[in-house]
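Take a look at the letters that make up each chain.
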Amino acid sequence: MKKNYDKKHMERSYEPGELVAVWTPIRKIGKCEKLLRKYFSPYRILKKMSSVNYLIEPKDNPGQDPLIVHVSRIKPYYERMDEPIIYEVKDQRLSLPNDIAMGIVCFLDRLV
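Residues take numbers from 1 onward in each chain, read along the sequence in its written order. With pLDDT at 70 or above as the cut-off, local features in this predicted model cover only qualifying residues; side-chain atom pairs require 80 or more to be listed or tallied, and sums for whole chains, interfaces and linings still use all residues. Hydrogens and water molecules were not included; the side-chain quantities draw on all heavy atoms of the structure.

A.B. asks: Help me understand the overall build of the protein in this model?
C.D. replies: Strands are runs of DSSP state E lasting at least 2 residues, helices are runs of H or I lasting at least 4, and numbering of each runs from the N terminus. Of regular secondary structure, the protein possesses two helices and seven strands. Counting from the amino terminus, helix and strand elements in the protein follow one another as α-β-β-β-β-β-β-β-α. For every residue, the accessible area obtained with a 1.4 Å probe (protein chains only) is divided by the maximum for its type, and the residue is called buried under 20%, exposed over 50%, and partly exposed between those limits. The proportion of buried residues among the 112 residues of the protein is 17%. Here, two residues are considered to be in contact whenever any of their heavy atoms come within 4.5 Å of each other. Across the protein, every contact between residues at least 6 apart in sequence was considered, and the portion connecting residues at least 24 apart equals 35%.

As structure tokens, then:
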């Protein structure tokens, strides 16, 4: 079993100052759990407490008490782009989020 775990396991480490999203399970009566938010962000890494625990605080509210979180509950946080990229494809104007638009452009480049 250990061999199978070690094949797919990726060691994660974060530096102080990095932004992360924190997994926090939420259950609300009358709400579908799979549609609720699972990750809350952004949080800033303050300190590495051990090889698997980090001290974090909310980026927007630095006065709030810091939390100690296990590395398995955090993932890197990426800022969203505010303005969508606008492309014109065969006389039609598309307005899509950046990640989708870049995928379409890469796909169209391969066709040409």
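Next comes the rest of the account.
A.B. asks: Just checking my understanding: could you explain the packing of aromatic side chains for this structure?
C.D. replies: Aromatic ring pairs are reported here in terms of the distance separating the ring centres and the angle at which the planes meet. Ring pairs shown here join Phe, Tyr and Trp side chains whose ring centres sit within 6.5 Å, with only the six-membered ring taken for Trp; geometry is labelled stacked below 30 degrees between planes, edge-to-face above 60, and tilted in between. Counted by the stated rule, this structure contains one aromatic pair. Centroid distance Tyr14 to Tyr54: 5.7 Å. Interplanar angle 80°. Geometry classified as edge-to-face. One end of the pair, Tyr14, is in the loop between helix H1 (2-8) and strand S1 (19-23); the other, Tyr54, is in strand S3 (residues 53-58), and 40 residues separate them in sequence. Both residues of the pair, Tyr14 and Tyr54, count as buried. Lysine NZ or arginine CZ positioned within 6 Å of the ring centre and within 35 degrees of the ring normal marks a charge as sitting over the ring. Directly above the ring of Tyr39 sits Lys75, whose terminal nitrogen or CZ lies 4.0 Å from the centroid.

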